[in-house]
Amino acid sequence: MTNRRIWGFFAAPGMGWLLVFFVVAFYAVVSVGFGNVNTLYQPIPYWNPLDWNFGYMIEAIQSVLPGGQTWPVVVRTAIYIGAAITLSLLIGYPVAYYASRHAGRWRGLVVVLLILPFWISYIMRMYAWTNLLAPDGYGSKLLSALSIDSLLSSVGLLDGTDWLGGQGITVILALVYGYVPFMILPLFASLDRIDQRVIEAARDLGAPPESAFRRVILPLSKPGILAGLVLVALPMAGDYYTQTLMSASPATSMIGNTINDYIQGGPEKPLGAAMTMLLSAVLLMFMLYYLRTLRREQGEVAA
Amino acid sequence: MNSNSEEPIDEAGVSRRSLFLRTGAAAIGTAALAGVAGCGDTTPVSESGGGSGGKGLLGDPTAGGPVDSAGIPLARRDYPVTLPRFQDPVSASAKPETGGVLKIYNYADYVNPDVLKAFGKQEGVEVKVTTFDNLDEAFSKLSTAGQEYDIIFSTPDQLSKLVGRKLLQPLNPDLIGNLQKNIWDEIQNPFYDVDSRYSVPYTVYTTGVGWRNDKVTIDPANLENGWDVMWDTTSQRGKVQLLDDKREALGMAMLHEGQPNINTESQAFVNSALAGLDTMDSKMRPKVQISAYETLPAGRITLAQLWSGDLLSGAINYMPKGTPASVMSYWYQSEGGPVFNDIITIAAASTKPVIAHRFLNYMMQPDVAYENFVGYTGYQQPQKSLNAAKLFDDGILPKGLSKAVVTQDAYATGNGFLTLTGEGEQIWDKAWSKFRAG
């Protein structure tokens, strides 16, 4: 009892922090989204749910459904995120696998290297790419020397050879680059937890390596895969500055950009707030799916 | 209307959405009210505040002429507007406040820090600048209680809204003698602020096209329609900047189509401009930014819609080593293209009105304006004594860029993006967000 009280006491500041900076802040977004604007187009939040004006929400929903103004952005965002998380997984899994099971005495170093990108702010790293991928940048020169740009160009993934000229693929690759560490770390933790003896047992029972991986390691790392996918997909869904820095073209704008445009200026701020709510709702569904799967997996392990 | 009203001005319910959304009797009430708001007759400021509109093509505003979202008549060159006063300006005999901080609210990098430092030293105050990215953001912050500044940099099209919102205080002409003494006659008594009740001019600029003449051989001046370069130079696809500003971007599309009224509220004209931008987007794949002052010198952008001052700022501050500023060229539509000015105002909440007046006066000193222009911002101020053309001839500014000079004649006949009615703003805004969705 006393123990519980002490921990409750320690948790209180953190809970208070979350309450103020998440719950209250989100309620402000909700109040703006269900509010109105004054004659000068400044949002008036309606704090009392009984007063809520659902007009902006209805407009936001119409806008993101097929045929609506924002529908192309929604589709584009889904494609970009789908491609980016798939690539992140394909790139991240082997790295995490190596780091957790085969790095041996280099393990510590590999983990440090994985965390290293976090030492430099995300925006700085993106700015670096805007220089590398500029027409006369080292990056684009190298890619050109390796004929990668003309290869991608010939299959229609790159429009011309200008990486920063409003290219979807650049935005996707930048997203992968920016968020792949978030994929690797949970994968690493999950693979690291797998009991070596389980794999040995699989071998002893005659499973060839490929089969042991497919039937033992992969299923056991599923929580890590899911955690990684969620961890990278969530921030990508709200990301807008990657697109702004790497392209800034309307042809590659993502839902985060649309929301940012509404919130930043003009008379439609409540519409931006309503879209934020919609986005949160979609992300919440993914989150719930993740939590449910996780609980099921843990249940299976316990049983 | 309902219990939400904080101030009467807030509750006019401009949102058409509320028309069909508030249910039952409330909806009918809202509809009726919004109908009135549609005429913009929300606050009779023009009567109570003693402001007036002159006679012009738009008619008498008190008889239902177009007004902005704050209820103030739309100022046009042929329809000057006297802004209402809600308080008296500070007395000319008041003593300057001493010590403390003079708080300035401005775009980033839009005034020379050395100039500010010198002013602070001269007046014994600390000068602190807070920056905003765009005027919408500025407006939101200013409307929030607790954001108290002394000096606010802004644009004429925002002025009436700031005044209508009572965010500014009127100026005392006796404290800003440099306006009469040093500033071009054309802007001493501007149509958007008759008698300069609230504002003094800051910089003058044109909106045009800048390009890298080492990477692309075009010259809009040789074309019948110079704006065609922004649509037809497909070799530069992806290396093009379109200004991230709904008025400038859509306005350019209008000028490109030969539609000279860039303050139109006609849905058809705006739609047509949107279609023009969509065509441009598919052909040129422009970046929607305002950073060409940096990216054009760096060569990452080769063709840009930009402000003349940004081009000069790039030439002054951002040329990479070994690249002469002569690689950049500039063109603007000399007849009917955008030529306008920015303004400086004093916040209603200012606790240092006298120092603030002195700051306005200081910024209009010829030596200060020169130092600010050539030494930092690249934005020229409308000083009588400044012979901008000579700066180019003398090589103080890059010779090839002399077209970036704003002449008094160009200013006098130039076009500008002016205040729209609330409905008009929404029409432009809708089109712009549609374009931004790609």
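Just so it is clear, the structure is predicted and the values come from calculations on it, not from any experiment.

J.: Break down the overall build of chain B for me, citing the residues and quoting the values.
T.: Helix and strand counts for chain B come out as 17 helices and 11 strands. Split into buried and exposed, the 438 residues of chain B put 51% on the buried side. Across chain B, every contact between residues at least 6 apart in sequence was considered, and the portion connecting residues at least 24 apart equals 75%.

J.: Any details on the overall build of chain A? Residues and values, ideally.
T.: A count of helical and extended segments in chain A gives 14 helices and 2 strands. If you take every contact in chain A between residues at least 6 apart in sequence, the share linking residues at least 24 apart comes to 65%.

J.: Outline unusual backbone geometry, supporting the account with residue identities and numerical values.
T.: All names here are of chain B. Despite not being glycine, K166 shows a phi value in the positive range, around 60 degrees. Following the sequence through the fold, K166 ends up in the loop between helix 6 (156-164) and helix 7 (178-182). Given 16 C-beta atoms within 10 Å, K166 falls into the partly exposed group. In this model, D195 sits at a positive phi of 70 degrees, which is unusual for a non-glycine residue. By C-beta crowding, D195 is classed as partly exposed, having 14 other C-beta atoms within 10 Å.

J.: Please give an account of the nonpolar core that cites residues and values.
T.: Residue and element names in this part refer to chain B. By size, the foremost hydrophobic cluster in this structure holds 112 residues, and its most contacted members are I151 and L250. When residues of this core are assigned to domains, at least three map to each of domain 2 (101-202 + 340-413) and domain 3 (205-338 + 417-436). In contact with L250, not counting residues within four places along its chain, are V270, A273, L274, L277, W428, A431 and W432.

J.: Help me get a handle on the packing of helix 3 (residues 71-102) of chain A against helix 8 (residues 168-193) of chain A, residues and values and all.
T.: Residue and element names in this part refer to chain A. At a minimum axis distance of 6 Å, the contact between helix 3 and helix 8 shows a crossing angle of 40 degrees. The angle between helix 3 and helix 8 places the two elements in the oblique class. Handedness of the crossing formed by helix 3 with helix 8: right-handed. A breakdown of the residues in the contact of helix 3 with helix 8 according to their chemical character gives 22 nonpolar, 4 polar and 2 charged.

J.: Which residues make up the packing of helix 9 (residues 246-256) of chain B against helix 10 (residues 267-284) of chain B, and what are the values?
T.: All names here are of chain B. Between helix 9 and helix 10, the shortest axis-to-axis distance is 8 Å and the interhelical angle comes to 95 degrees. Taken as axis vectors, helix 9 and helix 10 run roughly perpendicular relative to one another. Contacts between helix 9 and helix 10 involve A249, L250, A253, M254 and H256 from the former and F269, V270, A273, L274, G276 and L277 from the latter. Class assignment for the residues of the contact of helix 9 with helix 10 results in 9 nonpolar, 2 polar and no charged.

J.: Can you tell me about the pairing of strand 11 (residues 339-346) of chain B, naming the residues and giving the values?
T.: Residue and element names in this part refer to chain B. In terms of burial, strand 11 is largely enclosed, as 8 of its 8 residues are buried. Alternating positions in strand 11 separate into two faces, V339, N341, I343 and T345 on one and F340, D342, I344 and I346 on the other, with burial throughout. Summarising the sheet, strand 5 (residues 151-154) and strand 11 pair through 4 bridges and their orientation is antiparallel. Following the sheet pairing, S154 is matched in strand 11 by I343.

J.: Outline the interface of chain B and chain A, supporting the account with residue identities and numerical values.
T.: On the chain A side, the residues contacting the 45 residues of chain B number 39 residues. Looking at the side of chain B that touches chain A, the elements that each hand over two or more residues are helix 1 (17-21), helix 5 (135-143), strand 8 (287-289) and helix 17 (422-436) of chain B. In terms of residue count, helix 17 of chain B provides more of the side of chain B that touches chain A than any other element does, 8 residues in total. Its residues assigned to classes, the side of chain B that touches chain A comprises 10 nonpolar, 18 polar and 17 charged.

J.: Let's hear about the confidence of the model for chain B: which residues, and what values?
T.: Residues and elements named next belong to chain B. Averaged over every residue, the pLDDT of chain B is 84; residues scoring 70 or more account for 85%. With pLDDT under 50 throughout, residues 1-63 is counted as low confidence; its partners more than four residues away or in other chains account for 109 contacts. As scored by the predictor, the complex reaches a pTM of 0.84 and an ipTM of 0.83.

J.: Mind laying out the environment of B:Y149, listing which residues take part and the relevant values?
T.: All names here are of chain B. Structurally, Y149 is set in the loop between helix 5 and strand 5. Since 24 C-beta atoms lie within 10 Å of it, Y149 is described here as buried. Placed 20 residues apart in sequence, Y149 and V129 show a C-alpha to C-alpha distance of 9.4 Å. If we skip the residues at most four places from it in the chain, Y149 touches K103, I104, Y105 and A347.

J.: So what about the environment of A:N36? Which residues, and what values?
T.: By secondary structure assignment, the location of A:N36 is in strand 1 (residues 36-37). Along the primary structure A:N36 and A:E268 are separated by 232 residues, whereas in three dimensions their C-alpha atoms are 9.4 Å apart.

J.: How would you summarise helix 13 (residues 255-264) of chain A if you had to cite specific residues and measurements?
T.: Residues and elements named next belong to chain A. For helix 13, the buried fraction is high: 8 of the 10 residues fall into the buried class. Residues of helix 13 that are buried: I255, G256, N257, T258, I259, D261, Y262 and I263. Where helix 13 terminates, the next one or two residues include G266, which has phi positive at roughly 85 degrees.

J.: Quick one: what's the story with helix 10 (residues 209-220) of chain A, residue by residue and with numbers?
T.: With 12 residues, helix 10 of chain A ought to run about 16 Å at 1.5 Å a step, and its terminal C-alpha atoms sit 15 Å apart, in line with that. Across the 12 residues that make up helix 10 of chain A, only a small minority, 0, are buried.

Cut-offs used in this document
- Residues numbered from 1 in each chain as written.
- Chains lettered and ligands numbered in written order.
- Predicted model: local features only at pLDDT ≥ 70, side-chain atom pairs only at ≥ 80, totals over all residues.
- Helix = DSSP H or I, 4+ residues; strand = E, 2+ residues; numbered from the N terminus.
- Buried ≥ 20, exposed ≤ 12 C-beta atoms within 10 Å, placed from the backbone.
- Contact = placed C-beta atoms within 7 Å.
- Core = buried A, V, L, I, M, F, W, Y, C linked by C-beta atoms within 7 Å.
- Domains from an automatic or database assignment.
- Axes fitted to C-alpha atoms, helices over the stretch in contact; angles between N-to-C directions.
- Parallel < 35°, antiparallel > 145°, perpendicular 65-115°, else oblique.
- Left-handed = near helix turned anticlockwise from the far one by under 90°.
- Nonpolar A, V, L, I, M, F, W, Y, C, P; charged D, E, K, R; others polar.
- Pairing = 2+ DSSP bridges.
- pLDDT = per-residue confidence, 0-100.
- Expected span 1.5 Å × (residues − 1).

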